[in-house]
Structure formats: C-alpha cells, structure tokens
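# Overview (structure and organization)
So you can see what is in the structure, the chains are spelled out below.
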Amino acid sequence: MTAEGAEAAPRTESSSCPGKERQTPASVEGGAGPSRRSWALSTLLIVVAVPIVGVGIRYYQDTLIWRRHEAGLKTLGPEGLFLFSSLDVDHDLYLSPEEFKPIAEKLTGIPPPAEFEEEFLHDPNGETFTLNAKMQPLLLDTMTKSKDGFLGVSHSSLSGLRSWKSPATPSATFSAAQFQAFLPPKGKGELGDTWWIIPSELNIFTGYLPNNRYHPPTPRGKEILIHNLLGMFHARPFVKSRFAPQGVVACVRAVSDFYYDIVFRIHAEFQLNEVPNFPFWFTPGQFAGHIVLSKDASHVRDFHLYVPNDKSLNVDMEWLYGASESSSMEVDIGYLPQMELRAAGPSTPSVIYDEEGNVIDSRREGGEPIRFVFEEIHWSSEISREEAASRLEVTFYPFKKVPYLPFTEAFSRAEAEGKLVHSILLWGSGRTLRETVLESSPVLALLNQSFISSWSLVKELEDLQADEQNLVLSQKARLHLEKYSFPVEMMVALPNGTVVHHINANNFLDQTSMKPEESPSFSFSGGFDDPSTSTYIRFLQEGLDKARPYLQS
C-alpha cells in the first residue's frame with residue numbers, strides 16, 4: 001500500500017496542477033521551432049561541406065600523386081619512370097597486381113593461359129576437306145637492291161629466296177573440327193566482334209624476338225593449326241613474328257542460324273635460309289582470309305587465306321651478315337604476286353549412315369569425296385568485308401583509330417571538310433612510329449579534330465608522279481617526294497598538295513630522346529606524358545599555324 005501510495009503521489013500532484021498541464025503542450029510546441037532551424041542549419045552545413053571535402057580529397061590525392069611522381073623520378077630517373085608509367089594504366093603511380101602482370105610473365109617465363117589449349121582429337125568419322133596452295137615467287141626486280149644489280153649482296157644471303165619457287169605442300173587434307181580454333185570465344189559471337197586467336201606476346205619489356213634463328217619453336221594450342229596452314233607454303237613458318245604486329249585476330253562478319261563467316265588476319269613470317277647461310281627473314285605485310293563454318297565446327301563451307309597483292313610492295317625482308325645477334329643486318333622490300341590457300345570445296349563426311357546406323361556410302365582412301373548438294377546460307381545479319389577488315393586493323397594497330405586514307409583520296413576529303421592533310425611517306429613499315437607516338441590519345445584527338453591522315457609508300461607516290469593521265473595527283477605526289485628523306489617523312493599539307501611543314505623520323509627521334517637531366521612533362525589528368533607525344537603535337541600545331549595564312553587567303 002505504501003509503495004503504491006508513494007508512486008501515485010507524483011501522478012496525483014501532476015494531475016492536480018492544472019498550470020503544469022497547460023504548460024506541457026506549450027513547451028513542446030515552443031521547442032519545435034529551434035529543432036527545425038537546427039535541422040535546416042545542419043543540412044546547409046552538410047551541403048556546403050560536401051564540395052569542400054571533395055576539393056580537399058582531390059587536393060590530397062593530387063598532392064599524393066605529385067609526391068609519388070617526384071619520388072619516382074628521383075628513384076628511377078626519367079627513363080625508368082617512363083617504363084613504370086607505361087604499366088600504370090590508371091595513372092595513380094601505383095602498380096596493382098594486374099598492372100604488374102606483364103613484368104611477372106617476363107621474369108617467370110610463364111605465359112598467360114590461352115583461351116583454347118585443348119589438344120585436337122581426331123574424329124575418324126568427321127568431315128574433311130582439301131586445301132590447295134598456290135604461289136608465285138617474289139619479283140626480285142621489285143627489290144631496292146636490284147637497282148644496282150644486288151651489288152654487295154652475297155649470293156648465299158639470297159639463296160633461300162631465289163630457290164623458293166613453289167609451295168612446300170601443294171595440297172593437304174584437313175579435318176573440319178580442327179578449325180574450331182576460328183570459332184569466337186564466349187561473349188564474342190555478336191556481329192562485328194573481334195578477338196585474338198593467338199594474342200601478341202610483345203610489349204615494351206619483351207622487346208623484339210631474336211633474329212639469329214633458323215627453326216621455329218614448337219607450336220602449341222591454336223598455333224598448331226596456323227603453323228600447319230602456313231607450313232604448306234614453306235617448311236619454316238614462324239607463327240609469332242619477331243616484331244609487332246604479332247598474332248592472329250578474327251572478326252565475326254556474318255551470322256546465320258547455323259553458320260559464322262569469320263574474317264581473320266595473321267602476322268607471321270618465314271625463315272628461308274639454312275645453315276651454313278645466315279638467317280633470311282621473309283615477312284609478308286599480312287595474311288588475310290575468311291572461313292565459313294558451322295557453329296559447332298563440324299562443317300566448313302569455305303576457306304581462303306592469302307597475302308594481299310593490291311599494294312606495289314607487300315613483303316619486308318631482312319638478312320644477317322653474321323652469326324651473332326649483334327651482326328649487321330640488311331633490309332629490303334619487294335612484291336609477291338601470289339600466295340594463297342583455297343578450299344577445293346566444302347567439307348564432307350567419309351561415311352554416310354542411314355537412320356538405323358548402316359553404312360550407305362563411304363569414301364575410300366584416296367578416292368573421290370562423296371558428292372553433296374549444299375543448301376544456300378542465308379545470313380541474318382552481316383557487315384561488309386571492308387568493315388570487318390577495318391576492325392581487325394584497329395585491333396592490331398590502335399593508331400588506325402584515326403582513318404588513314406589512300407593518297408588519292410585524302411586531299412579531296414580534306415578540301416571537303418576544310419582540314420589539312422597529315423601525310424606520312426615512308427620506304428618500309430614505319431614500325432617505330434606506329435607503335436609509339438601515333439597511338440597516343442592526345443595525338444589521336446588532334447588528328448581527328450583537324451586533319452585528314454594518309455599513309456603512303458615512296459614507290460606508290462613515284463608511280464603516281466609518273467602517271468601522265470592524272471596531272472593533279474602527279475603534282476601532289478611530286479611535292480611530297482621533294483620533301484621526302486629516308487626512311488620516314490611526316491608532313492602537313494594543304495588540300496592543294498602544298499607541304500607547309502615536315503619532319504624526318506630520324507630528326508623526330510633525336511628531338512624526343514630523353515636526357516638524364518631533363519624532366520618529362522606531367523599532368524594529373526593524363527599521367528606521365530612522354531616527350532614523343534608532346535613533340536608530335538607541337539609538330540602538328542606548328543603545321544596548323546603555318547597553314548593559317550594560306551587558308552585565310
């Protein structure tokens with residue numbers, strides 16, 4: 001009772017004080033105003049604080065990257081920092097395990113796993129087809145050295161080239177299932193998709209593969225099929241070329257319910273000489289081709305592989321004058337009229353069974369294939385061969401994200417779009433240029449914005465200059481050849497062909513050589529910017545400046 005009375009007393013006192021009851025709602029109501037103001041003030045402070053904090057974080061990150069850059073420059077030097085930055089994809093001056101992967105592969109010698117490494121298991125009842133090889137030997141009189149009668153070139157150096165007159169294997173039979181190597185991997189079966197069948201293993205750290213070799217390494221995985229195909233031309237194909245570009249890339253050109261039309265491009269080379277002669281490397285500009293095969297690779301409808309012969313020169317050649325890697329080397333270029341593989345017809349089975357499993361027809365060893373009537377393939381979607389080839393080219397050559405038009409088309413396009421012509425005139429492949437500065441994002445952006453680009457061989461312009469049927473193009477070719485110096489000349493020209501600015505590749509490389517005391521340019525947005533990029537951009541901008549008076553007049 002006492003406890004209950006004691007607890008009830010406060011309630012009674014509270015309820016017996018009408019003034020307090022009247023004040024309670026007032027006190028709550030009066031407190032709501034300050035609470036709302038406090039909430040609004042807090043919200044305002046948060047809204048103001050967020051961008052301030054963001055700016056502070058950004059400043060901290062930039063400061064951290066700047067300190068890392070200074071520390072890296074002090075520790076590694078400009079050249080070392082450039083190599084480090086070439087791996088630093090996200091430009092945070094910190095190498096993640098994924099970014100470090102190329103180094104690990106180089107040091108350990110363990111290559112990345114291929115997308116397809118299973119050994120091919122021959123199915124005796126599977127479909128087969130025949131490939132026929134044809135070639136016409138290289139025209140020796142298209143080689144530069146032929147102009148002076150190969151003066152100074154030993155007979156033994158060219159012995160392998162001179163004796164290579166026909167394919168090593170004119171005809172060979174293949175299983176259709178072997179060509180599953182050309183099927184797109186998972187996630188790459190859509191129209192226009194590209195992928196690496198044999199990925200390039202060359203990078204800034206691997207450098208180039210050795211020149212002083214006679215026999216190709218043992219092929220593995222998908223390399224086996226490519227090796228066997230190229231081996232029909234010559235006994236010593238090197239599926240992995242010494243220099244970039246290297247590898248095999250494919251693209252889905254057309255799709256139906258049951259078939260793919262796959263366009264592909266191969267960069268490989270041959271070793272033509274044997275001991276005791278020194279190595280002679282024969283490197284076609286590319287092997288192009290296409291294959292039409294069923295989605296389960298059980299049937300091949302068509303196959304064609306060839307070296308394109310639409311250019312005046314389509315083969316690079318290099319040969320050593322000694323037995324060591326440091327021996328002097330000669331280089332030349334020439335024209336190969338024909339090198340191709342063609343399917344004699346679609347693949348066919350060797351045995352035909354009825355519904356009960358009884359043999360109703362078969363092909364005997366060496367006999368004629370079973371004759372079939374094949375249904376026509378109706379493609380549900382497709383792109384042109386030119387579009388597919390362009391996608392392959394960009395995969396091999398990132399600098400081709402900027403279209404490089406033929407010399408005969410570039411100037412009319414430039415005039416139509418009110419742009420200048422960025423023209424590259426070269427004797428050989430321009431390997432160094434295309435693998436470095438022309439791939440740079442800032443250079444690509446400026447070229448896309450202000451220029452029409454063109455890429456020409458000296459021989460092509462010499463032929464144009466001699467063409468009396470087209471005097472306008474002949475004049476433009478002459479103006480370019482007057483400014484050309486071996487081996488590569490980069491030019492900026494007006495739409496009428498007048499060259500307003502130019503630089504030789506050797507001079508360009510001299511300008512971009514980094515001296516130990518020179519610091520490379522650096523920006524937080526773009527990361528480390530190598531000297532070649534800034535020098536090439538300066539060259540292009542100077543061309544724009546020099547062209548301005550002509551354009552204004």
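Look up: the structure comes first, before these words.
Quick caveat: nothing in here was measured; it's all calculated off a predicted structure.

## With respect to the overall build of the chain
Helix and strand counts for the chain stand at 13 helices and 23 strands. Here the contacts in the chain between residues at least 6 apart in sequence split such that 71% fall between residues at least 24 apart.

## What to know about the sheet that holds strand 17 (residues 404–405)
Taken in spatial order, the five strands line up as 17-19-18-20-21 in an open sheet, and their pairing is mixed. Because the sheet does not close on itself, it has two edges, and the strands there are strand 17 and strand 21 (499–504). Judged from the seven bridges that link them, strand 18 (residues 420–426) and strand 19 (residues 451–457) form a sheet pairing that is parallel. Note that in strand 19 the partner of histidine 422 across the bridge is serine 453. Its contacts with the sheet place helix 7 (residues 407–417) against strand 17, strand 18, strand 19 and strand 20 (488–493), and it is angled at close to 170° to strand 19.

## Quick word on the packing of helix 10 (residues 458–465) against helix 11 (residues 471–483)
It is at 8 Å that the axes of helix 10 and helix 11 come closest, and there the two elements cross at 135°. Classed by the angle they form, the pair helix 10 and helix 11 counts as oblique. By crossing handedness, the relation of helix 10 to helix 11 is classed as left-handed. Along the contact surface, helix 10 presents Val458, Leu461, Glu462, Leu464 and Gln465, while helix 11 presents Ser474, Ala477, Arg478, His480 and Leu481. Split by residue class, the contact of helix 10 with helix 11 holds five nonpolar, three polar and two charged.

## Some remarks on empty space enclosed by the protein
Enumeration over the complete set of coordinates arrives at two cavities of 30 Å³ or more. Put simply, the largest cavity is a space of about 70 Å³. Within the residue set of the lining of the largest cavity, elements represented by two or more residues are helix 5 (223–230) and strand 4 (237–238). The residue inventory of the lining of the largest cavity, partitioned by class, reads six nonpolar, two polar and two charged.

## Quick look at helix 11
For an α-helix, the turn length of 3.6 residues means that residues three or four places apart are oriented alike. For helix 11, spanning 13 residues, the distance from its first C-alpha to its last is 19 Å, which sits close to the expected 18 Å at 1.5 Å a residue. Listed as buried for helix 11 are Leu473, Ser474, Lys476, Ala477, Leu479, His480 and Leu481. Of the surrounding elements, those touching the buried residues of helix 11 are helix 7, strand 18, helix 10, strand 20 and strand 21.

## Here's the deal with the sheet that holds strand 12 (residues 329–334)
Within a sheet, adjacent strands bond to each other through the backbone by hydrogen bonds, running parallel or antiparallel. Taken in spatial order, the five strands of this open sheet run 4-7-8-11-12, and their pairing is antiparallel. If you trace the sheet from one side to the other, it starts and ends with strand 4 and strand 12, each paired once.

## As for the environment of threonine 498
Relative to the helices and strands, threonine 498 resides in the loop between strand 20 and strand 21. Taking relative accessible area as the criterion, threonine 498 reaches 27% and is therefore assigned partly exposed. Taking the C-alpha atoms as reference points, threonine 498 and lysine 476, separated by 22 residues in sequence, lie 7.3 Å from one another. Non-local contacts of threonine 498, meaning those with residues more than four positions away in its chain, are made with Leu479, Val492 and Ala493.

## What to know about the nonpolar core
Residues Phe179, Phe233, Phe282, Phe287 and Phe303 are the most contacted members of the largest nonpolar core, which totals 56 residues. In this structure, phenylalanine 282 is in contact with Leu138, Leu161, Trp164, Glu269, Phe270, Leu272, Val315, Asp316, Met317 and Leu336, ignoring residues within four places of it in sequence. Judged by nonpolar contacts, the second largest core, of 38 residues, contains Phe396, Ile424, Phe451 and Ile537.

## Quick notes on the pattern of salt bridges
Enumeration according to the criterion identifies 19 salt bridges in this entry. One salt bridge connects arginine 242 with glutamate 318, and the closest N-O pair in it is separated by 2.8 Å. On the criterion of sequence distance, the pair formed by arginine 242 in the loop between strand 4 and strand 5 (247–255) and glutamate 318 in strand 11 (residues 315–320) is long-range, its members being 76 residues apart. Given the relative accessible area of 12%, glutamate 318 is considered buried. Residues arginine 478 and glutamate 482 are paired through a salt bridge, measuring 2.3 Å at the closest nitrogen-oxygen approach. Linking arginine 478 with glutamate 482, this pair stays in helix 11, spanning four residues, or about one helical turn. The exposure class assigned to arginine 478 is partly exposed, which follows from its relative accessible area of 27%. Linked by salt bridges that have partners in common, Glu201, Arg220, Glu223 and Lys240 make up one network.

## Things to note about the pairing of strand 5
Strand residues, when the strand is regular, have side chains that alternate between the two faces of the sheet. Counted residue by residue, strand 5 has nine buried out of nine residues, so it is predominantly covered. Two elements, strand 3 (residues 194–198) and strand 5, share four bridges in a ladder whose sense is antiparallel. In the sheet register, tryptophan 195 faces strand 5, and the bridge partner there is alanine 250. Examined bridge by bridge, strand 5 and strand 6 (residues 259–267) share eight bridges and lie antiparallel to one another. Bridge assignment links alanine 254 to a residue of strand 6, and that residue is aspartate 261. Connecting strand 5 to the next strand, strand 6, in antiparallel fashion are three residues. Here strand 5 pairs with strand 16 (residues 381–382) via two bridges, running antiparallel.

## Focus: helix 10
Residues of helix 10 that are buried: Val458, Glu460, Leu461 and Leu464. Seen end-on, helix 10 carries its buried residues on one side only, within an arc spanning 160°. Of the surrounding secondary structure, the elements contacted by the buried residues of helix 10 are helix 7, strand 18, strand 19 and helix 11.

## Things to note about the packing of aromatic side chains
Counted by the stated rule, this structure contains 22 aromatic pairs. Aromatic pair tyrosine 208 and phenylalanine 243: ring centres 4.5 Å apart, planes at 70°, arrangement edge-to-face. Of this pair, tyrosine 208 sits in the loop between strand 3 and helix 5 while phenylalanine 243 is found in the loop between strand 4 and strand 5, placing the two residues 35 residues apart along the sequence. A residue is classified by how much of its surface remains accessible, and tyrosine 208, at 46% relative accessible area, is partly exposed. Between phenylalanine 407 and phenylalanine 411, the ring centres sit 4.9 Å apart and the planes meet at 70°, which makes this aromatic pair edge-to-face. With phenylalanine 407 and phenylalanine 411 both in helix 7 and four residues apart, this pair spans about one turn of that helix.

Conventions and cut-offs
Residues numbered from 1 in each chain as written. Predicted model: local features only at pLDDT ≥ 70, side-chain atom pairs only at ≥ 80, totals over all residues. Heavy atoms only, no water. Helix = DSSP H or I, 4+ residues; strand = E, 2+ residues; numbered from the N terminus. Contact = heavy atoms within 4.5 Å. Pairing = 2+ DSSP bridges. Axes fitted to C-alpha atoms, helices over the stretch in contact; angles between N-to-C directions. Parallel < 35°, antiparallel > 145°, perpendicular 65-115°, else oblique. Left-handed = near helix turned anticlockwise from the far one by under 90°. Nonpolar A, V, L, I, M, F, W, Y, C, P; charged D, E, K, R; others polar. 1 Å grid on protein atoms, 1.4 Å probe; cavity = no way out; pocket = protein on both sides within 12 Å on 5 of 7 lines; lining within 4 Å. Points joined across faces, edges and corners; volume = space filled by probe spheres on them. Expected span 1.5 Å × (residues − 1). Buried < 20%, exposed > 50% of the residue type's maximum accessible area, 1.4 Å probe, protein only. Core = buried A, V, L, I, M, F, W, Y, C linked by side-chain atoms within 4.5 Å. Salt bridge = Lys/Arg side-chain N within 4 Å of Asp/Glu carboxyl O. Arc of directions from axis to C-beta. Phe/Tyr/Trp six-rings, centres within 6.5 Å; stacked < 30°, edge-to-face > 60°.

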